[in-house]
Structure formats: structure tokens, C-alpha cells
Number of protein chains: 2
Amino acid sequence: MGTGSSGSAAKSSRPARPRVELLRVGHRPGRDPRLTTHLALVARAFGARRMHLHPPDPRVSDSLAGVRERWGGSFEVVPAPNWRTVVRDAPGAVVHLTMYGQPLARLLPRLAEERDLLLVVGGAKVPAALYREATHNVSVGSQPHSEVAAVAVILERLLGLPGTRPFAGARQRIVPQARGKRVERRGGSPG
Amino acid sequence: MGTGSSGSAAKSSRPARPRVELLRVGHRPGRDPRLTTHLALVARAFGARRMHLHPPDPRVSDSLAGVRERWGGSFEVVPAPNWRTVVRDAPGAVVHLTMYGQPLARLLPRLAEERDLLLVVGGAKVPAALYREATHNVSVGSQPHSEVAAVAVILERLLGLPGTRPFAGARQRIVPQARGKRVERRGGSPG
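Figured I'd write up the structure that's included with this text. (Residues numbered from 1 in each chain as written. Chains lettered and ligands numbered in written order. Predicted model: local features only at pLDDT ≥ 70, side-chain atom pairs only at ≥ 80, totals over all residues. Heavy atoms only, no water.)

## Notes on the relation of the copies chain A and chain B
After a rotation of 180° and a shift along the axis of 0.0 Å, chain A superposes on chain B with an RMSD of 0.0 Å. The relationship between the two copies is best expressed as a two-fold rotation axis. The position closest to the rotation axis in chain A is occupied by the C-alpha of Ala149 of chain A, lying 2.4 Å away. In this assembly the copies share their binding face: 100% of the residues contributing to the interface of chain A also contribute to that of chain B. (Least-squares fit on C-alpha atoms with pLDDT ≥ 70 in both. Contact = heavy atoms within 4.5 Å.)

## Quick notes on empty space enclosed by the protein
Considering all chains together, one arrives at 1 cavity of 30 Å³ or more under this definition. Here the largest cavity defines a volume of roughly 30 Å³. Lining of the largest cavity is provided by Trp71, Thr164, Arg165, Pro166, Phe167, Gln172, Arg173 and Ile174 of chain A together with Ser142 and Gln143 of chain B. A per-element tally of the lining of the largest cavity places strand β7 (residues 172–174) of chain A first, with 3 residues. Taken together, the residues of the lining of the largest cavity sort by class into 4 nonpolar, 4 polar and 2 charged. (1 Å grid on protein atoms, 1.4 Å probe; cavity = no way out; pocket = protein on both sides within 12 Å on 5 of 7 lines; lining within 4 Å. Points joined across faces, edges and corners; volume = space filled by probe spheres on them. Helix = DSSP H or I, 4+ residues; strand = E, 2+ residues; numbered from the N terminus. Nonpolar A, V, L, I, M, F, W, Y, C, P; charged D, E, K, R; others polar.)

## Here we look at the pattern of salt bridges
Oppositely charged side chains may form a pair once their charged atoms are brought near each other. Summed over all chains, the structure comprises 22 salt bridges over all chains. Linking Arg50 of chain A and Glu21 of chain A is a salt bridge whose minimum nitrogen-to-oxygen distance equals 2.6 Å. Within this pair, whereas Arg50 of chain A is found in strand β2 (residues 50–53), its partner Glu21 of chain A is found in strand β1 (residues 19–25), the two being separated by 29 residues in sequence. The exposure class of Arg50 of chain A is partly exposed, given its relative accessible area of 26%. Residue Arg34 of chain A is joined to Asp32 of chain B by a salt bridge in which the shortest nitrogen-to-oxygen separation is 2.6 Å. (Salt bridge = Lys/Arg side-chain N within 4 Å of Asp/Glu carboxyl O. Buried < 20%, exposed > 50% of the residue type's maximum accessible area, 1.4 Å probe, protein only.)

## Focus: the sheet that holds β2 of chain A
All names here are of chain A. Overall, parallel pairing links the 6 strands, which are arranged β3-β2-β1-β5-β4-β6 in an open sheet. A single partner strand is all that each edge strand has here, and the edge strands are β3 (76–79) and β6 (136–139). Looking at each pair of strands side by side, their axes are set apart by 30° on average, direction ignored. Across 4 bridges, β2 lies against β3 in parallel orientation. Bridge assignment links His52 to a residue of β3, and that residue is Val78. Most of the contacts of helix α1 (residues 33–45) go to β1, to which it runs at about 175°, and overall it touches β1, β2, β3 and β5 (116–122). (Pairing = 2+ DSSP bridges. Axes fitted to C-alpha atoms, helices over the stretch in contact; angles between N-to-C directions.)

Have a look at this one:
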């Protein structure tokens, strides 16, 4: 678990961790705001850079902007009027998470070597084209469960368990406790 | 990763994996059926035995009964009119998953040695007594995210990634594919 390497990463035996973004396809603004918000919160907490949301939904974007304001970091929800554009513009491999895909355990070593990954999760209806346009169709178990769980587990496997340090610019942070809650607030400028 | 040990497990260097159950506290039947259903599906797919649900909600129980019918296994959602009874009757450690708790990475070695674990997740309102009555308050990262993700990650860390084999008695199974979907149905007796 050495972290002391210096110099060029190109020859390192332990490659840099991939930069990960998430695309949520098939969001239904009237029905799904809570589930999609959970998805975005998980992406943020587990180290993804941003979530592209198709179709766009200001409720989710605003909710995450509020989280960023209080809890720091630069994660944002980006409106994606056209999901195909996001897939085609992806700088690296596109990983569609689906219970019908190949087991994560088998694909993980390849995914971990990527520099950039776009994870894609569908909602109730997944466009058939997504199965073709993705670089990989990957399953986190071949049972029905939850896109929230699938995103958490693949991010945890790629980037590790989230730590306890606050994100940059956080106004508040949690101090882990054996019992009860402790939240420290910073700054305190009015407004 | 040897699996060839025989005889008494008591002296094994690799202990048996814990038996895990889940308790969902503070479910709101009018608002939460989808999130709580995701939670139950994740518990099932990642190897928990059952989910106790407080307060009870037949919509969630029926939904999971339908999943069991098609996808096999013995997972069930058990009504829990009184959550304290479930906590007090737990045969092993009670692990309350909360963003305010101690980091999972620190507690994991102890949890992995348990024979029985009851995971507890709260909903919008978590009773303060839960922090006291739990054996451990454990966080999967000190950021807001999702109880669905927390349950998936702790189960994955304790029991491993879910495999691709169907559960016992399944009427249908997924055959993992690089592209598209393949579901095999078994039996086929009418009804």
C-alpha cells in the first residue's frame, strides 16, 4: 500500500486511479427525483467527478448544488439533453452497468487500468443502443437490485472506500463518533 | 484464497462468513416504497438473509415475494411492528449504518469475525436510541449519500461480490453477455 512513489506515473507498477464520471439515462423527473438524487450523492461521496443527467432535472441539480455548498468539493450534476453526445464524447471507456452484462469481477482489472471511465446507468427504460455503444456492459451480480448499489460498489472497487476527510471548501464536516453525532462548522460568516 | 479446509471450522484461519440480516427503521409507506424496495433487493442480491421492516409495509413485502418467486432464494421482508424487539433479539452484533459513525475500514476486521450481524439503517428520522442500542455505529464515508449504497458496500466487503449463479429454486436466470440480454427460463409449467 505504498504511496511514496514520485516522478513519472507511466512506469509505476501502481497506476493512477481512473477519473470517473457518471451518466444517468432515462431519469423520470416526476417519479425519480429521490432515487436519482441518491445516485448523485453516491457518485459524489465515492469519488466521481460529475453526473450527467438525461433528461435534465433542475430539482436534482439544485439539490446537489446545495450539498456542494455545505459539504464542499466540486461535484456537479450536468444537464444532458442528449445522452448519445455524452457517450460519444467520453474520453475513455464507457461502462454500462446492467444486470445482463459481464461480471464486474472479470472486468475489474481492465477497468482499473483506464485513465478515464464513463459509468452509465439506465432508469426504468434503457435504450437498446446503449448496449451497443458502451465499451463494456458490466453486471454487479446477476440479480435484480439497484443502480445506486451498482455505482457504489464499482466506485468502491475502483477508487477505494471513501475516507473521513472533508472535501475542499466544506463549510461543515463530520467528526466520526462511536455514539451520537458530531458536526463541526467552519467560518461562520453570516448570510 | 484456499477453500479446501475440512473438519472443524473453529480452528480455521479463515472464519466462516457472518450471517447477515438487515433492519430498516423509519420507513414511510407513502413516500419510500421504491427506496425501501431497492434496499431490500440489494440486501437479497448481496447475500443478507432477510430484511425486517419498520413500520411494516405490505407493498414492499409483496414486491420481494414476487422477486423470490421468479429469481429464487429464500430472502424475505419481515414485518417489524417494534424495531427495538428486533435489535434486542439480535443474536450477534448490531451495526447501525450512519454517516456520523466510525469508519467502516476501521471496524471491518472485527465485523468480519462475527457469526451473526444485524445491519440497521434509518430513514428520514432515526431514533436517537438507536445510536445507544447498537453495538457499533459505522459510517461508509463521512459524506451524505445513500443507505442503499451503505448496505451494498458493507455486504460486499463482508461477503464478497455477488456471483452469477442463480439462487436456489429460480425460475429464470441471467446468462451474462457482452452485448444485449439473455434470460433463461426453467420448467415452464403453466400457471
